[in-house]
Each structure stands twice: as structure tokens, then as C-alpha cells.
Amino acid sequence: RTTLRWLWRFTYLGVIGFLGYTGYTIYLLRTPSEQEEVDASKKTLVILGTGWGAVSLLKKLDTENYNVIVISPRNFFLFTPLLPSCTTGTIEHRSIMEPIRNILRHKKAQVKYYEAEATKIDHQKKVVYINDDSEIKGDTSSTEVPYDMLVVGVGAENATFGIPGVREHSCFLKEVADAQRIRKRIMDCVETASFKDQSPEERKRLLHMVVVGGGPTGVEFAGELQDFFEQDLKKWVPEIVDNFHVTLIEALPNVLPMFSKQLIDYTENAFKEESITIKTKTMVKNVTDKTIEAEFTRPDGTKEKEVIPYGLLVWATGNTLRPVVKDLMSQIPAQKDSRRGLAVNEYLVVNGTENIWAVGDCAIANYAPTAQVASQEGAFLARLFNSLAKTETINAELAKLSAEQAKATSDERTRILNNIKALQRQLRRVKQIGPFEYSHQGSLAYIGHDKAVADITWLSGNIASGGTITYWFWKSAYVNMCFSTRNRALVLLDWVKSYIFGRDVSRE
Ligand code: FAD
Ligand code: NAI
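Here the structure is a predicted model, which is why all the values come from computation and not from measurement. Sequence positions are assigned chain by chain, starting from 1 and proceeding in written order. Each chain takes a letter, starting from A, and each ligand takes a number, starting from 1, following the order in which they are written. With pLDDT at 70 or above as the cut-off, local features in this predicted model cover only qualifying residues; side-chain atom pairs require 80 or more to be listed or tallied, and sums for whole chains, interfaces and linings still use all residues.

A.B. asks: Is there a simple way to explain the overall build of the protein in this structure?
C.D. replies: By definition, any uninterrupted DSSP run of H or I lasting at least four residues is a helix, any uninterrupted run of E lasting at least two residues is a strand, and each is numbered from the N terminus. Across its full length, the protein carries 14 helices and 24 strands. With respect to the three principal axes, the spread of C-alpha positions in the protein is 100 × 85 × 55 Å. Here a residue counts as buried when 20 or more other C-beta atoms sit within 10 Å of its C-beta, as exposed when there are 12 or fewer, and as partly exposed otherwise, the C-beta atoms being derived from the backbone. Residue burial in the protein is summarised as follows: out of 508 residues, 35% are buried.

Structure, rendered in C-alpha cells:
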């Protein structure tokens, strides 16, 4: 009995201790210590963007070393890997957004943030021109920001290859607003198809959901949409059961070209089982408000034209350059041969400049445009900039000590000499930053019906796996990678909520 009583006391104290610790951690998260004020005498480091590259840089940057300014039209970080789940309401979009103000207020020294788009970078004058493109504008909505160092992390735009009708009639899937638009349109198509006296052909068209682009964005969205239909729409709106259909169109001979052959076959078979139609070797050439005109290449090489009616069209054919990047490239002769983005050297310095760095989808460093690459590049730049700042401080101290040494007595001279040696050792350590090296952790994609595919790099080999266990791995990997504890908690709650109550089918 005495042992039990002690056990109970220890458990009780343990729970109190745990709750106290958790509460204190949350308090610290909500109330970070006072920040150092901006020191205008320090070098001005301007960071364009609040995406994977820029935020990963900000997270690790010692902001007290610079006068840091962040400029982006989006005042939050977006965890893009879970964006396809927001199109059907499996996850609510706010669960994968982290306000940039929250990220910045935890830095040691203050960071300025301007909600604006960079419209032009003048690399000769070292100035960025910015424009407030939001709904509410003050008397000043365009201005310029001078910089000493500039990091371009503006990401990329959706590629349309100039195909007529794409911008007017299709939805993209890159930003929160895109996911919201898709979610609204899915339900609009469903409700319109169920409208009284709707003709059978029109119902069929409205319920034909077409995805163009068989890269991971297109595949993940198609999987999520079919899940929505199977798990919720079928029960809520049974009259659409016979006509709801998802088609994925891809110009190449197979989907997911960056995955291993085994996983490509696995995905294509899984889609067949899920009743998602894949049309490969089919290139979309024109889009109207109700149809897609595509060209299918037969095995003998001849072409066949196809007209495909659709209700919802999601366009996911990869990336193209943003205008501000295109304009910067046109100013720099060393960039004239670069087509897909800013060519950078092994330290991510934009070729042809000395004080501009580029990270993520807008930079071409021979890696795929992924979040993994962007975040590693951002973290690399943080280390580089921290090291540059430390080098400058140590050099200044060394210069001061050398001057003192010249005037010092012989006793003092030994002490100063020891200090100089210690600083020189520190300097050698700080300067040991090699070029950027990308470490590929693998590729993961959700393919619907509680299945995922993964090409994981492990012990310098590759493991390819697909199925339900991989799906649980996908879930735990992504929930772990979410930006904050708050994001993790919200995503977990959303999953539980949609599992228990089903997805919300209201059209807001
Ligand atoms: P982004 O994250 O796109 O950020 C660009 C930032 O620049 C944004 O804040 C934007 O508002 C800002 N900006 C834009 N224009 C301007 C301007 N003119 N001036 C100033 N700021 C500007 N990759 C993976 O590795 N794994 C995944 O699972 C994965 N899933 C994805 C799912 C989807 C649906 C999508 C669309 C992409 C996915 N990716 C994934 C790719 C990944 O999201 C991108 O590679 C990554 O976002 C690139 O990071 P970035 O910092 O270059 O650009
Ligand atoms: P993508 O570039 O990977 O794929 C686009 C596909 O569209 C290509 O296969 C292309 O052949 C096809 N296409 C182009 N024009 C076409 C046309 N007219 N008709 C039919 N098909 C056409 O683009 P995506 O999926 O948007 O991905 C962009 C980047 O983001 C990639 O680097 C990708 O790896 C990354 N990403 C990674 C994810 C993951 O790891 N799970 C998820 C989403 C994106």
C-alpha cells in the first residue's frame, strides 16, 4: 500500500511537472523575449519571398548581424506538400499557414517586413522596387528599398506554355487561393449537375474532373479528389455516382517521371483500381470554357485529335519564371544562356553579380524545383551569412588588437598575442564553409485510397515502396515537417475531424 501511495504521488508530480513545462513552453512561444532594435549602421540584407527558401534562411539567420528586410506579397509561409489536401477539405488551409510575423518575432533582433511584390531589381543601383498589390492601399503603394545584400527567393509561376484558354478557364494549384477556388468549383460542379432538369450530357460534362500534368502535383490532386468522391460525395450526393469521373492527362508516356519505374507502374495500376483514367502521350493544345482539345500520339507515331468535355479543369504542368526574375536576368549578360531560372554558382551567388544570391524554384543549381532543395539552400545561406558576419567581427577585433599590440608593454604584449592567436583559430573555423551540397532525402507522393509512393535514399542506396504502410510513413513525415507545433496539432485535428465527420461539402 505504501509503495502504491508513493507511486501515485510520483505520477501526480510527474503530470503536474509535464503540464507546467508544456504551459511554460507555450508561454515562451507566445511571449518571446524583447528583440534588439534594428541597427541601421549594419549591412542591409533584403530577402524577397516568404516561401521554403526564404523562411528556411530566416529561421537559421542570426538577425543581429544585419539590418534584415523581408519583402513578399504573402505574409505567411505555406506548407505546400499538404496543399492538395486543402482542395477537398481534408485539411483546412489555415492549418498549413504560418504567419511570417510569428516567425520574425522570435528572432533575436528585429526584422522589417513589407507586404509587397518586388517589381524590379536594379542590380547596378542596388535597389529593389516594390509595389503593394493588396486590396487596401495607402497614399504610398510603390517605393524602393536599397540593399547591400539581396536574396531572391520568389519561387516560380505556373507554366502554361502559351496554350490558349488555360489562364481563363483552368485552376492552378500553387497557392492557398488556388486550393480554395478548386474546392469551391468542385462543389459548384456537383450542385449544378444535380440541378433540376439538367440534361444527362451536361451532367456528365459537369462531373468530369480533368487534371492536366502527371507530375506529383497532378497525381496527388487526382488521388485526393477521388478520395473525396469515394468517401464523402457518394454518400452526400448519391445522384452523381454514375457520372463523377476523374481523368489525368499527361504528355509523356508515363506519370511521375521523377520516380522509379516500379513506382510509376504501381501508381498507374493503383489509379486504374481507383477508377481514375490516365491518358498518357496526350498533349493539351487548346482549352475552351467547356472542352479541352488534345492530341494523342498513337504507338505508330501518328496523331489523333480529341475533344474532351470537362466541368473542372486543374492545370499542373510545372513552373515558369516570374517577371521580376526574367527582368533581372535580362540585365545581366552572364545570364543570357539561362532559360529556366537564375544561374547561380556553388555558393548560390547569382552569376554576373557579387551581392545577389538566389534560392529555391527561381534559381537553377542543377536540382529539381522542390521544397527539399529550397529549404536546404536557405539553411546553407544562413550559415554562410552568419559566418560572413562573424568573420567581419573577428577581423575588426584582430585589427584593434594589432593596434593595441604596437603600443603595449612587453607584459601586455604576451596577453594580446595569445588573444590574437585564439581569434585567428576561431577565424579559421568560421571560414570553413564549403560550397552548397544538396542531400537528397527521397521523394514522396500521395496517390489516393490511403496509398503513397516513396523513393527513399537510405545508406547511399534507394528504397522504393508503395502502399498503405508508405501512406502512414508519408503522413508521419509530413506532419513532422510542418512548420510549427501549432501547424502539427491543427493538421492532426483536421485528419481526425474529416475521418470522423467526413469532409465539409458546403460551398462557401
Ligand atoms: P515558394 O515556396 O513558392 O515561395 C515563393 C515566395 O515568394 C512566396 O512567399 C511568394 O509570395 C513570394 N513572391 C512571389 N513573387 C514575389 C515578388 N515579385 N516579390 C517578392 N516576393 C514574391 N516539394 C517537395 O519537396 N515536396 C513536396 O511534397 C512538395 N509538394 C508540393 C505540392 C504542391 C501543390 C506544390 C505546388 C509544390 C510542391 N512542392 C513540393 C514544391 C515546393 O513547394 C517548391 O519547390 C517550393 O515551394 C519552392 O520554394 P521557394 O522558396 O523557391 O518558393
Ligand atoms: P512537373 O513539372 O513535375 O510535371 C508537369 C507535367 O505536366 C510533366 O510531366 C509534363 O510532361 C506535363 N505537361 C506539360 N505540358 C502538358 C500539356 N500541354 N499537356 C499534357 N501534359 C503536359 O510539375 P508539378 O507536378 O507541378 O511539380 C512542380 C515541382 O514541384 C516538381 O519539381 C515536383 O517535383 C515538385 N513537387 C513535388 C511533390 C512531391 O514531392 N510530392 C508534390 C508536388 C510538386
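Further notes follow.
A.B. asks: Got a minute to help me understand the site of ligand 2 in this structure?
C.D. replies: Any residue whose C-beta atom, as placed from the backbone, lies within 6 Å of a molecule or strand is termed near it. The local shell around ligand 2 holds 28 residues, among which Gly213, Gly215, Pro216, Thr217 and Gly318 are the closest. Built from parts of two domains, the shell around ligand 2 gets at least three residues from each of domain 1 (32–156 + 321–387) and domain 2 (166–319 + 439–501). Domain start and stop points were drawn from an automatic or database domain assignment.

A.B. asks: What is the right way to look at the environment of Phe259 in this model?
C.D. replies: Along the chain, Phe259 turns up in the loop between β12 (245–249) and α9 (261–273). Each C-alpha atom, one on Phe259 and one on Pro81, is 16 Å from the other, the two residues being 178 residues apart in sequence. Those residues in contact with Phe259 that lie beyond four places of it in its chain are Ile264, Ser443, Val453 and Asp455. Once C-beta atoms are placed from the backbone, any two residues with those atoms within 7 Å are in contact.

A.B. asks: Even after reading the chapter, I still don't get the site of ligand 1, so can you show me in this structure?
C.D. replies: Taken together, 33 residues form the shell around ligand 1, and within it Gly49, Gly51, Gly155, Gly360 and Thr370 come nearest. For the shell around ligand 1, the elements supplying multiple residues, two or more each, are α2 (52–60), β2 (67–72), α3 (83–86), β6 (117–122) and α11 (371–407). Lining the shell around ligand 1 are residues from two domains, each supplying at least three of them: domain 1 (32–156 + 321–387) and domain 2 (166–319 + 439–501).

A.B. asks: Please clarify how helix α12 (residues 410–430) should be interpreted in this entry.
C.D. replies: Residues spaced three or four apart along an α-helix face the same direction, because each turn holds 3.6 residues. Every helix has an expected span of 1.5 Å times one less than the residues it contains. Between the first and last C-alpha of α12 there are 30 Å, a value that for 21 residues agrees with the 30 Å anticipated at 1.5 Å per step. Summarising burial for α12: zero of the 21 residues are buried, a small minority.

A.B. asks: What is the right way to look at the sheet that holds strand β17 (residues 312–315) in this model?
C.D. replies: The strands making up a sheet are joined through hydrogen bonds of the backbone, oriented either antiparallel or parallel. A pair of strands is considered paired only if DSSP assigns at least 2 bridges between the two. Ordered by their spatial adjacency, four strands build an open sheet running β13-β12-β11-β17, and the pairing between neighbours is parallel. Both edges of this open sheet fall to β13 (277–279) and β17, since each of them pairs with a single strand only. This sheet shows a mean twist of 20° between the axes of neighbouring strands, independent of strand direction. With three bridges connecting them, β12 and β13 associate as parallel partners. Inter-axis angles, ranging from 0 to 180 degrees, are taken between N-to-C directions of lines fitted to C-alpha atoms, where helices are fitted over the stretch in contact.

A.B. asks: When you look at the sheet that holds strand β7 (residues 127–131) in this model, what are you seeing that I'm missing?
C.D. replies: Within the open sheet, the three strands sit side by side as β6-β7-β8. Their pairing is antiparallel. Each edge of the open sheet is held by one strand with a lone partner, namely β6 and β8 (142–146). Strand-to-strand twist of the sheet, defined as the mean angle between neighbouring strand axes without regard to direction, takes the value 25°. Relative to β8, β7 is paired through five bridges, and the arrangement is antiparallel. By the bridge assignment for β8, Val128 is matched with Val145.

A.B. asks: Would you mind showing me how to read the pairing of strand β14 (residues 282–287) here?
C.D. replies: For a regular strand, side-chain orientation follows a simple rule: the groups alternate between the two sheet faces. Pairing of β14 with strand β15 (residues 291–297), which is carried by five bridges, proceeds in the antiparallel orientation. By the bridge assignment, Asn286 is partnered in β15 with Glu293. The antiparallel hairpin formed by β14 and β15 contains three residues in its connecting segment.

A.B. asks: I keep staring at the UniProt feature "transmembrane region" (unreviewed entry) in the protein and nothing clicks. Help me out?
C.D. replies: UniProt positions are given in the numbering used here, feature names are shortened, and annotations may be inferred rather than shown by experiment. The UniProt record marks residues 6–29 with the feature "transmembrane region" (unreviewed entry), using the residue numbering of this structure. The span residues 6–29 is 100% helix and 0% strand, and its two end C-alpha atoms sit 34 Å from each other.

A.B. asks: Honestly, the domain arrangement of the protein in this entry has me stumped. Any pointers?
C.D. replies: In many reports, interface size means the accessible area that the parts give up when they come together. Under the domain assignment used here, the protein contains domain 1 (32–156 + 321–387), domain 2 (166–319 + 439–501) and domain 3 (390–429). If you average the C-alpha positions of domain 1 and of domain 3, the two centres end up 37 Å apart.

A.B. asks: Explain unusual backbone geometry here, please?
C.D. replies: Residues other than glycine predominantly adopt negative phi, and peptide bonds predominantly adopt the trans conformation. Phi at Leu256 takes a positive value of approximately 45°, unusual for a residue other than glycine. Residue position: Leu256 is located in the loop between β12 and α9. In this model, Leu348 sits at a positive phi of 65°, which is unusual for a non-glycine residue. Tracing the backbone shows Leu348 in the loop between β19 (342–343) and β20 (356–358).

A.B. asks: Any chance you could explain the confidence of the model for the protein here in plain terms?
C.D. replies: One rule of thumb: low pLDDT means the predicted coordinates there are not for detailed reading. Averaged over every residue, the pLDDT of the protein is 95; residues scoring 70 or more account for 100%. For this predicted complex, the interface confidence comes out at an ipTM of 0.98, alongside a pTM of 0.94. Values of pLDDT, ranging from 0 to 100, describe the predictor's confidence in every residue of the model.

A.B. asks: Please explain the UniProt feature "coiled-coil region" (unreviewed entry) in the protein as it appears in this structure.
C.D. replies: As annotated by UniProt and renumbered to match this structure, "coiled-coil region" (unreviewed entry) occupies residues 406–433. End-to-end, the C-alpha atoms of residues 406–433 are 32 Å apart, and along that stretch the chain is 82% helix and 0% strand.

A.B. asks: Looking at this model, I keep getting lost on the packing of α11 against α12. Mind explaining?
C.D. replies: For any two helices packed against each other, one specifies the inter-axial angle together with the distance between the axes. The interhelical angle for the contact between α11 and α12, taken along N-to-C directions, is 160°, at an axis separation of 10 Å. As far as their axial angle goes, α12 and α11 are roughly antiparallel. Crossing of α11 over α12 shows left-handed handedness. Facing α11, whose interface residues are Ser387, Lys390, Thr391, Ile394, Glu397, Leu398, Leu401, Glu404 and Gln405, α12 presents Arg413, Ile416, Leu417, Asn419, Ile420, Leu423, Gln426, Leu427 and Val430. We call Asp, Glu, Lys and Arg charged. Ala, Val, Leu, Ile, Met, Phe, Trp, Tyr, Cys and Pro are nonpolar, and the rest, Gly among them, are polar. Among the residues forming the contact of α11 with α12, the class breakdown is nine nonpolar, five polar and four charged. Each angle gets one of four labels, with under 35 degrees taken as roughly parallel, over 145 as roughly antiparallel, 65 to 115 as roughly perpendicular, and the rest as oblique. In this scheme the handedness of a crossing depends on how the near helix is turned from the far one: anticlockwise by less than a right angle means left-handed, clockwise means right-handed.

A.B. asks: What is the right way to look at the packing of α2 against α11 in this model?
C.D. replies: Their axes nearest at 7 Å, the elements α2 and α11 cross at an angle of 35°. Judged by the twist between their axes, the crossing of α2 over α11 is right-handed. Of the residues in α11, those touching α2 at Trp52, Gly53, Ala54, Val55, Ser56, Leu57 and Lys60 are Ala371, Ala374, Ser375, Glu377, Gly378, Ala379, Leu381, Ala382 and Arg383. The residue makeup of the contact of α2 with α11, split by class, is nine nonpolar, four polar and three charged.

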